[in-house]
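Chains, contacts and geometry: an overview
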Amino acid sequence: MSALRRCGLVLLLAACGLGWDAPNAQAESCADLVPPAARVISSTRDFVAEDLVSLRDIGPRYAVEVTLPILALSPDRSSVAFQLRRAKPGANTTCLGMFVMELTPGAMPVSVDRGGELVGSASDTDSPTAPGRAVTPKWSPDGTSIAFLRRDRGTTQLWKARIDGTGSAAVTHEPFDIVDFGWSPDGRALFYSGRPASIAAREALDREGDAGFLYDDRMIPLVGSRPRLPAALPEEYFVVEQGAMLARRTGTDETALAASILKPAAPLHALRVARAGLQRIGWITTRDTSSPLSLTALHAKQGRGAEQLCEEPVCDRVRDLWWAPDGSALFYLRREGWALSQLGLYRWTPGHGHPRRILVTEDALLGCQMATKSLVCAHEASAQPRRLVSIDLATGRMTLLFDPNPEVAGLRFGTIERLRWKNDIGIETFGDLVLPPDHRPGERHPLVVVGYESVGFLRGGTGDDYPIPLFATRGYAVLSFQRPLDYGVVKGARSIAELEHMNRVNWADRRSVLSALEGGVRLSESRGVVDSRRVGLTGFSDGAATAQFAMLNSESFAVIAVSNCCDDAVGNMTLLGPHLARSAHAMGYPELTEDGSAFWAAYSLTANARAVRTPLLIQIPDSEYLIALPTYMALTEQKKPVEMRVFPDETHVRWQPAHRLAIYDRSLDWFDFWLRGKEDAAVAKVDQYARWRAMRDAQCLAEAVATAPVYCANPMQ
């Protein structure tokens, strides 16, 4: 029996099992979570920061994975359910709602639940993860209700809602987070899983703390002084039956049923599985099962027939797959084209002929689900935020079902050109060159490079910290840069360990990425629209590592802003904790007591602080800022232009709307100051510009006139 909930009368009826259909009130501040049914665009204007921060998102805003689980189709394939999100920077909150929509022309989403908090990782290891993971609803077998995870007051529970919008309520009130769930075949019960042992594990840590924590592999100083919970806490199964007052642990037979529903069996080494009833299964594996970096293979089996293997080139790099409703064919999406920048949709009839391509696109397709005669997907284009579309399975024609952001049609983005090139060792990559909306022939603009993926809507780059439309509106050209494949992948690494080692020998992967980056800048300059003296670089996560390497190995960039910082001999081997330090050493990083000067000579900003010339802005979460301190202190000791902002209660990907707005604003100010000599006259920014002018004056005074950077020479307005 699960832990008893102490419920008053109202909670007993509304949340402890009897009240599955109690109404859930909608906050007034979230009344605009869903757009009006019709909107007439009478005029156009430029983007402002609030437009980007407050976009309505179907699922997580920053994820563009093909397999992102954000849509759920009804059992009869006539309706779709999804979560809609909208950030409110003024209140520093995010409005959330669960919606159901018929797949018919002109249909509008029906709100079935409002409220809750962003859901983060379900790992229960106490490591900080960005709230905002995908929340996937699941339909009852009779199609009258959906169940979903919802987080309130710091715990994630299981909820149920009627699809007609007449009520929603919590199904569970466990003291631990719900990890996963699923309906019983008859729809009269919900199975769910969680890790109750996390409660006792946290209590044990509290007791250990009374005598002092043992510093061991559980510790990651970068993210806190408390040991993490064990990563392998057991996952247990529970069931709550319709009409029952309390949930209970599953019995032996029920546990097997729950496991089959929540974790269905899959063929050995399967990466992705599609089923049609009990008789048909399709799946993806790696061609070389000993190597996770191998190309993929496509398999199918129908009833008692023999397994079919598609070995044609168009059956590799498959990302997702679905059976036709009648089980007659498999449809799949694969990566293809220049630098794998395209998605191809194919139809394959196992055992009968070659796969046939139905659609090829450079847009992003996410979370697709098979309807009756179409594939229903979330879709993004370079200048179009995420929306729902249907793709005709016969023709590949795409039809709009629902646009959560019709206002964007009235906002000016600027022109976008897809560029393709190779780096100096022949690896393909690509990028999108965005020009200002008011660009005139012959005009040259300062350039800002944003990375490290250029897939889907060009919002703020990976991590969403550097607002591409806003830079364009300010008069910048923007290169949205796609990182090339890892050096180790291209050179044939057969394991992750081998990949990591090959990448770091003489910093081969960093040199490969920098070569691709500089090639994209040169190609942009060749268009005659970029002022080569005024080029700035941004970086988030892997992109920040690229920016760090560029500061010491490139003369292309006059100013840099990063969201994370920085790889360093001391930080990597101390602040990541003993376990991750050993992992770093296995990747090729020297141990703390080794002489690593040769290894770090081309990469460490701390070791090379005297040689740094590029102004650096660091805007970093509090869960990561300690590792930036060696670099920050070394640069400030050498009186280099550096500023660091630390954002409280944040994670690797910034999730608080107020912080996102502040990062947008300061990023724009930073590049305006150094590349265009412009300052915002806002009173609140007087101190900011006083600091930056002092940095600039000190840097320019220290530079020889012949080699002075562009910002020392009164940059063009």
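The structure contained in this document is the topic of the report that follows. (Residues numbered from 1 in each chain as written. Predicted model: local features only at pLDDT ≥ 70, side-chain atom pairs only at ≥ 80, totals over all residues. Heavy atoms only, no water.)

Once that is clear, we can look at the side chain of Gln 688. Topologically, Gln 688 is positioned in helix 15 (residues 686–702). Contacts of Gln 688, omitting those with residues within four sequence positions, involve Arg 666 and Asp 669. (Helix = DSSP H or I, 4+ residues; strand = E, 2+ residues; numbered from the N terminus. Contact = heavy atoms within 4.5 Å.)

Okay, empty space enclosed by the protein next. Gaps left between atoms show up when a probe the size of a water molecule is rolled over them. Applying the stated criterion to the full structure yields six cavities of 30 Å³ or more. Put simply, the largest cavity is a space of about 270 Å³. Taken together, 21 residues line the largest cavity, and the ones lying closest to its centre are Arg 61, Val 64, Val 455, Phe 457 and Gly 461. Taken together, the residues of the lining of the largest cavity sort by class into eight nonpolar, six polar and seven charged. Taken as a whole, the second largest cavity encloses approximately 140 Å³ of empty space. Along its surface, the second largest cavity is lined by 14 residues, and Arg 61, Arg 85, Thr 94, Leu 118 and Arg 660 are the ones closest to its centre. Per element, the largest residue contribution to the lining of the second largest cavity is three residues, and it comes from strand 4 (residues 79–88). Of the residues belonging to the lining of the second largest cavity, the class tally is six nonpolar, three polar and five charged. (1 Å grid on protein atoms, 1.4 Å probe; cavity = no way out; pocket = protein on both sides within 12 Å on 5 of 7 lines; lining within 4 Å. Points joined across faces, edges and corners; volume = space filled by probe spheres on them. Nonpolar A, V, L, I, M, F, W, Y, C, P; charged D, E, K, R; others polar.)

Among the nonpolar cores identified, the biggest contains 49 residues, and Leu 447, Val 449, Phe 557 and Leu 616 are the most heavily contacted of them. Beyond its immediate chain neighbours, meaning those up to four positions away, Val 449 contacts Leu 479, Phe 481, Leu 517, Val 521, Val 535, Gly 536, Leu 537, Thr 538 and Phe 557. Listed in part, the 37 residues of the second largest apolar core include Val 559, Leu 668, Leu 675 and Trp 692. (Core = buried A, V, L, I, M, F, W, Y, C linked by side-chain atoms within 4.5 Å. Buried < 20%, exposed > 50% of the residue type's maximum accessible area, 1.4 Å probe, protein only.)

What follows concerns the layout of surface pockets. Approximately 1400 Å³ is the volume found for the second largest pocket. In terms of lining residues, the second largest pocket is bounded by 39 residues, among which Arg 317, Arg 319, Arg 335, Leu 340 and Leu 485 are the most central. Where the lining of the second largest pocket is concerned, the elements lending two or more residues are strand 16 (280–286), strand 19 (318–323) and strand 29 (428–434). Residue contributions to the lining of the second largest pocket peak at three residues, all from strand 29. Taken together, the residues that form the lining of the second largest pocket break down as 19 nonpolar, nine polar and eleven charged.

By the definition in use, this model includes five disulfides. Each sulfur of the disulfide joining Cys 30 and Cys 95 lies 2.0 Å from the other. Between Cys 30 and Cys 95 the disulfide shows an S-S torsion of about -80°. By sign, it is left-handed. Here Cys 30 is found in the loop between helix 1 (9–14) and strand 1 (45–46), whereas its partner Cys 95 is found in strand 5 (residues 93–102), with 65 residues between them in sequence. In terms of burial, Cys 30 and Cys 95 fall into one category: buried. One disulfide in the model links Cys 565 with Cys 566; its S-S distance is 1.4 Å. Taking the sign of the torsion about the S-S bond as the criterion, the disulfide between Cys 565 and Cys 566, at about -70°, is left-handed. (Disulfide = S-S within 2.5 Å.)

Here the focus is the sheet that holds strand 11 (residues 178–183). Read across the sheet, four strands follow the order 11-12-13-14 without closing on themselves; strand pairing throughout is antiparallel. Taken across any chain shown, the strands that pair with only one partner, and hence form the sheet edges, are strand 11 and strand 14 (248–249). Pairing of strand 12 (residues 189–194) with strand 13 (residues 236–241), which is carried by six bridges, proceeds in the antiparallel orientation. Directly across from Phe 191, in strand 13, lies its bridge partner Val 239. Contacts from helix 4 (residues 252–262) reach strand 11, strand 12, strand 13 and strand 14 within the one sheet, and its direction differs from that of strand 12 by about 80°. (Pairing = 2+ DSSP bridges. Axes fitted to C-alpha atoms, helices over the stretch in contact; angles between N-to-C directions.)

Next up on the list: the sheet that holds strand 16. Taken in spatial order, the four strands make up an open sheet running 15-16-17-18, and their pairing is antiparallel. Looking at the sheet topology across the chains shown, the edges are occupied by strand 15 (272–276) and strand 18 (308–310). Within this sheet the neighbouring strands show an average axis-to-axis angle of 20°, counted without direction. Of the pairings in the sheet, the one linking strand 15 to strand 16 comprises five bridges and is antiparallel in character. Bridge pairing in strand 16 links Ala 276 to Arg 280.

Enumeration according to the criterion identifies 26 aromatic pairs in this entry. Ring plane angle 5° and centroid distance 5.3 Å describe the contact between Tyr 332 and Tyr 346, whose orientation is recorded as stacked. In this pair, Tyr 332 is assigned in strand 20 (residues 330–336) and Tyr 346 in strand 21 (residues 342–348), connecting sequence segments 14 residues apart. Overall, the relative accessible area of 0% leaves Tyr 332 in the buried class. Ring centres of Trp 507 and Trp 600 lie 6.1 Å apart, and the angle between their planes is 50°; on these two criteria the pair is classed as tilted. With Trp 507 in the loop between helix 7 (496–504) and helix 8 (508–526) and Trp 600 in helix 12 (residues 597–600), the pair connects residues that are 93 residues apart, well separated along the chain. Taken individually, Trp 507 and Trp 600 each receive the classification buried, so the pair is uniform in this respect. Positioned above the aromatic ring of Phe 181, the side-chain terminus of Lys 138 is 4.7 Å from the ring centre. Over the ring of Trp 159 we find Arg 150, and its NZ or CZ is 4.0 Å from the ring centre. (Phe/Tyr/Trp six-rings, centres within 6.5 Å; stacked < 30°, edge-to-face > 60°. Lys NZ or Arg CZ within 6 Å of the ring centre and 35° of its normal.)

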